[in-house]
Amino acid sequence: AGRVGSEPRFPGAFARLGGALAWGQWLAAGLDALENIALLVLLLAASSAVAPASSWPEIAFWSASIKFGLILAGLLYALAGVAARLFANRQPAATS
């Protein structure tokens, strides 16, 4: 027996998607760290005589692209949840 209110408001696929997107935000944080490392390597290599490995720009690009995609998906999911909540609370106008 669970607590009152422990059931998800939107059971099914929408709730599973929310769980996946929540974990995706942690992945986005890791990708942000990887992007920062790649950019730091490029910055330090540009100030030294050693040429950077050719893969660092691609690592930074793909890390940032996936990161922003995950963040955008999370924001859209949150907005969809707010919209669903607002429309679910609407009462039809009483007719006389």
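Keep in mind that this is a model prediction, so the values were computed, not measured.

### Considerations on the environment of Leu 72
Next up, step 1: Tracing the backbone shows Leu 72 in helix H2 (residues 56–88).
Next up, step 2: Note on Leu 72: relative accessible area 49%, which makes it partly exposed.
Next up, step 3: Between the C-alpha atoms of Leu 72 and Gln 25, which are 47 residues apart in sequence, the distance is 10.0 Å.

### Considerations on the side chain of Lys 67
Next up, step 1: Inspection of the secondary structure puts Lys 67 in helix H2.
Next up, step 2: Polar contacts involving the side chain of Lys 67 include one to the side chain of Asp 32, which spans 3.0 Å.
Next up, step 3: In contact with Lys 67, not counting residues within four places along its chain, are Ala 28, Leu 31, Asp 32 and Glu 35.

### What about the side chain of Glu 35?
Next up, step 1: With respect to the helices and strands, the residue Glu 35 is situated in helix H1 (residues 13–46).
Next up, step 2: Under the relative-accessibility criterion, Glu 35 is labelled buried at 12%.

### Details of the packing of aromatic side chains
Next up, step 1: Summed over the entire model, instances satisfying the criterion amount to two aromatic pairs.
Next up, step 2: Ring centres of Phe 14 and Tyr 77 lie 4.6 Å apart, and the angle between their planes is 25°; this geometry places the pair in the stacked category. Highlighted residues: Phe 14 in helix H1 and Tyr 77 in helix H2, separated in sequence by 63 residues.
Next up, step 3: Tyr 77 sits in the partly exposed class, given a relative accessible area of 22%.
Next up, step 4: Ring centres of Phe 61 and Trp 62 lie 5.0 Å apart, and the angle between their planes is 80°; on these two criteria the pair is classed as edge-to-face.

What counts as what
- Residues numbered from 1 in each chain as written.
- Predicted model: local features only at pLDDT ≥ 70, side-chain atom pairs only at ≥ 80, totals over all residues.
- Heavy atoms only, no water.
- Helix = DSSP H or I, 4+ residues; strand = E, 2+ residues; numbered from the N terminus.
- Buried < 20%, exposed > 50% of the residue type's maximum accessible area, 1.4 Å probe, protein only.
- Polar contact = N/O pair within 3.5 Å; in protein donor to acceptor, adjacent residues only side chain to side chain.
- Contact = heavy atoms within 4.5 Å.
- Phe/Tyr/Trp six-rings, centres within 6.5 Å; stacked < 30°, edge-to-face > 60°.

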